[in-house]
Every structure is written in C-alpha cells, then in structure tokens.
Amino acid sequence: MSRINHPSSRAVAEVAWLYYVKNLTQGEIAKKLGLSRPTIISYLKLAKERQIVCVKIAGEHFKVNALADRLRSRFGLAQAHVVPDHGLTGEALTRQVCEAAAQALPDFVGPGDELGVSWGQTVWFVSESVPWWPVDGLTVRQLIGSMANPLLPTSESCSTEIARRLSAACVNLNAPAVCSSEQLAGMLKAEPIIAEQLQNLKRCNKAIYSLSPCTPDTHVVQFKIAAAADVADYAARGAVGIITGRFVDAHGNPVLGPLDDRLIGADHETLRAMNGMLVVSGLHKLVPALAVLRGGYAEEVVIDVPLAEAVLAAAD
C-alpha cells in the first residue's frame, strides 16, 4: 500500500494545517511536500472525513439583516437567523432552515452548558447537520421520555446524535414519554432515579426545539403521545400550539389538561426558564410560532423568510 493512497492522519493533518492555517494554496502545498495537486485535494477531503478538520459556517451568513433585526427587537431575542427560501417550500425549505440551525448551534451553546433537546422531524433534521465541533463540558439532556417507535425521530435519538457531534455527555430520560394513567405517571415520577432525572432537567440553561399547531396530524398524535381527541380538547381550552409536548395559548401561556398529568418530561415552567433555540419553518406554523415567541420560550430563532414576515405582520 502506498503512502499516497493510504496516508497517515499525521500526513493529512500536515496538509490541512498548511491549507487552513498557513493559507498556502493547493499548488504551493504540493510543491512543498513533493506531492501532486490531486493528492493534496484528496488529503483535504480526508481531513474532513477523519474529523481532523471541522468546518462550521458562521451564523452571520444565514441572516437577512432587516428581518432579523425586527424579530430581535419585537420579541426581545438575543439572536435571529432568517433563512432565504429561494422558492423552496415544504420539506426542502425545512431542511434548509435546519441546516442553518445546525450551523448556529455550536455558537448557541458554550463550555459547561446543559442543553435540553426535544424531538420530531425538525429537530432530527438539525441533528443530522450539526458540524463536528466539540464543546468542552457540554451536557445534553432529553426533555421528554422515551417513545415507542424507534424508526421515528424520538427525543433520545435527537439527543444522542447532537451529543455525538458536539462531543458532549448525553443523559437520556429513562421513562416513557406518556403513561396510560395519571396514577402510573405519578408512581414513575416518584421513583428516585426518574425523580432525579426530572429534577436535573432544571439544570438545562439552553434548549433546542420546534413546535406544532393543534391539528389532528400534529407530531404528538403521530408519535402516539396524544390522540386526536386529546388535541381537540386542548384546542377547545384555548391552545394554539404545542412545544415539547406542552400546549400553549395565543399568548404563550400554559394550557393544562388531563394529558399533562400523564406526561413525563419538562413542564412549561422548566421550558420557559431555559434559553431556547426555536427552529421553525412553514406558514402553517404561523399561529403557534407567534404564540411561543410571545410566551418568551425562545432566546434565538431560526426561521424562513416568508414565516418571519408573516410573524412580524401578525405581531404588529
């Protein structure tokens, strides 16, 4: 086997250092090391594959400044990332927003932080795109208990993937997301191990989540956390949106009902105490997005241009 075809990580790192740190061109590196330019290109590709080089795109490139400024001012946000739609809709646009959120996440958390992670398709898309970017002393915690279908983007799978990419400790919540009765949920919450895990959720100073409208096809129904009748009951009580399994009204105030007593996970008060990164896309989420922003659940938002414009128009 030749050194060129199977280079050591030390050789790959040397090329990466000369290119990314010393700012030499590929041709200059080839001449300096006595290698061909295609070999240098191959080494730079290997540097990413072997995680010798971690690429992270600055969040500034995902902002549309005027909209971002207005969102920050209107809702008291620390940061807003507004993602151009470029004519995209549906899942394609959601993925673009999630890629922007994934690039922003390593800047959102810092050394020693504890990050609570929700679940669902949006959070899973984010987790798939988070750059390999170690954060010293970061702990990732699952915000709601386990779900039955391992093929769906559950809280444990989202938490595990984000923790893996940020080289963080991952703490899963060893209980079901929902119980069949209030009595059973109460017994489980009283178990010392689960009680400690729930108490430790209050240590999360950061969180990442999306949201859902109160419709029959909402993610809490898809994940069998609630039945369509449960969602209709909460809507009748004034709920317009769902965040991490909890229902809120148009002003972001908690809407409580029987399901709350059967859930095992972070409650409204715990969620609101965290600095949240809200990742949301699609005009069908206008009403719940406005509710969550009004309710103070987010410190940062990653949102597409059409939805940002609609939120600001509705808020005025």
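All values derive from a computational prediction rather than experimental measurement.

1. Some details on the overall build of the protein chain
Tallying secondary structure elements over the protein chain gives 14 helices and eleven strands in all. Counting all 316 residues of the protein chain, 51% fall into the buried class. Just so you have it, the protein chain exposes about 14400 Å², and 53% of that area is on carbon and sulfur atoms. Across the protein chain, the 29 positively charged side chains and the 31 negatively charged ones have centroids separated by 9 Å.

2. Remarks on the pattern of salt bridges
For side chains bearing opposite charge, pairing can occur when the charged atoms are close. Counted under the stated rule, the structure contains ten salt bridges. The shortest N-O distance in the salt bridge between D69 and R72 comes to 1.9 Å. Taken together, the positions of D69 and R72, both in helix α4 (residues 65-75) and three residues apart, correspond to about one turn of that helix. For the salt bridge of R164 with E161, the shortest nitrogen-to-oxygen distance reads 2.9 Å. Here R164 and its partner E161 are both found in helix α7 (residues 155-165), three residues apart, which amounts to about one turn of the helix.

3. Brief notes about the nonpolar core
Most often, soluble globular proteins keep nonpolar side chains buried together rather than apart. In terms of nonpolar packing, the biggest core is built from 42 residues, with L71, L278, I303 and V311 touching the most fellow members. For this core, the elements supplying multiple residues, two or more each, are α4, β1 (79-83), α9 (192-200), β5 (206-209), β10 (275-280), α13 (286-294), β11 (300-304) and α14 (305-315). For this core, the element with the highest residue contribution is α14, accounting for six residues. Ranked by size, the runner-up nonpolar core spans 29 residues in total, among them C98, A101, F125 and A163.

4. Things to note about the side chain of Q197
Tracing the backbone through its elements, the reader meets Q197 in helix α9. Within polar-contact distance, the side chain of Q197 engages the backbone oxygen of N172 at 2.8 Å. Of note is the side chain of Q197, whose polar atom sits 3.1 Å from the backbone nitrogen of N174. Residues contacting Q197, with those up to four places away along its chain left out, are V171, N172, L173 and N174.

5. Some words on the environment of A314
For A314, the position within the fold is in helix α14. Under the relative-accessibility criterion, A314 is labelled partly exposed at 34%. Excluding its chain neighbours within four sequence positions, the residues that come into contact with A314 are L286, L290 and R294.

6. Quick look at helix α1 (residues 9-21)
The first and last C-alpha atoms of α1 sit 17 Å apart over 13 residues, in line with the 18 Å expected at 1.5 Å per residue. A11, V12, V15, A16 and L18 are the residues of α1 that are buried. For α1, the buried positions fall inside an angular range of 165° around the axis, keeping them on one side. Contact partners of the buried residues in α1: α2 (26-33) and α3 (37-49). Within two residues after α1, N23 carries a phi angle of roughly 60°, on the positive side.

7. Topic: the sheet that holds strand β9 (residues 254-255)
What links the strands of a sheet is backbone hydrogen bonding, and the strands pair in either a parallel or an antiparallel sense. The strand order across the open sheet formed by four strands is β6-β7-β8-β9, and the pairing between neighbours is antiparallel. In this open sheet, the two strands that pair with only one neighbour each are β6 (212-213) and β9. As defined by bridge partners, strand β8 (residues 246-248) adjoins β9 across two bridges and the pair is classed as antiparallel. By the bridge assignment for β9, F247 is matched with V255.

8. What about the pairing of β1?
Along β1, five of the five residues are buried, which leaves the element largely enclosed by surrounding structure. The alternating pattern of β1 places Q79, H81 and V83 on one face and A80 and V82 on the opposite face, and all of these are buried. Looking at chain direction, β1 and β11 are connected through five bridges and run parallel. Within the sheet, the bridge partner assigned to A80 lies in β11 and is V301.

9. Some remarks on the packing of α2 against α3
Viewed as axis vectors pointing N to C, α2 and α3 meet at an angle of 105°, and their least axial separation amounts to 8 Å. In terms of axis orientation, α2 runs roughly perpendicular to α3. Note on element contacts: α3 touches α2 through R37, I40, I41 and L44, opposite Q26, G27, I29 and A30. Per-class residue counts for the contact of α2 with α3 are five nonpolar, two polar and one charged.

Conventions we followed
Note on numbering: residues in each chain are counted from 1, in written sequence order. Where local features are concerned, this predicted model is filtered to residues with pLDDT of at least 70; where side-chain atom pairs are given and counted, the filter is 80 or more; whole-chain, interface and lining totals use all residues. To get the side-chain values, take all heavy atoms of the structure and skip hydrogens and water. Under the DSSP-based scheme used, a helix requires at least four consecutive residues in state H or I and a strand at least two consecutive residues in state E, with every element numbered from the N terminus. Throughout this description, buried means an accessible area under 20% of the type-specific maximum (1.4 Å probe, protein chains only), exposed means over 50%, and partly exposed covers the range between. Accessibility throughout is a Shrake-Rupley quantity obtained with a 1.4 Å probe, and a residue counts as covered only by protein chains that appear here. Here Asp and Glu are counted as negative and Lys and Arg as positive; His is not counted, and neither are the chain ends. Charge positions are represented by NZ for Lys, CZ for Arg, CG for Asp and CD for Glu. Salt-bridge detection follows one rule: a side-chain nitrogen of Lys or Arg within 4 Å of a carboxyl oxygen of Asp or Glu. We define a nonpolar core as any set of buried Ala, Val, Leu, Ile, Met, Phe, Trp, Tyr and Cys residues linked to one another through side-chain atoms lying within 4.5 Å. Polar contacts, as used here, are pairs of N or O atoms within 3.5 Å; protein pairs need one atom able to donate a hydrogen and one able to accept it. Residues neighboring in sequence count only if both atoms are side-chain atoms. In what follows, residue pairs with any heavy atoms lying within 4.5 Å of each other are defined as contacts. Take the number of residues in a helix, subtract one, and multiply by 1.5 Å to get its expected span. For this quantity, the arc is that covered by the directions from the helix axis to the C-beta atoms. In short, DSSP must find at least two bridges between two strands for them to pair. Think of each axis as a best-fit line through the C-alpha atoms, taken over the contacting stretch in the case of a helix, with angles from 0 to 180 degrees between the N-to-C directions. Oblique is the label for any angle not covered by the other classes, which are roughly parallel (under 35 degrees), roughly antiparallel (over 145) and roughly perpendicular (65 to 115). Here the term charged refers only to Asp, Glu, Lys and Arg, the term nonpolar to Ala, Val, Leu, Ile, Met, Phe, Trp, Tyr, Cys and Pro, and the term polar to all other amino acids, Gly among them.

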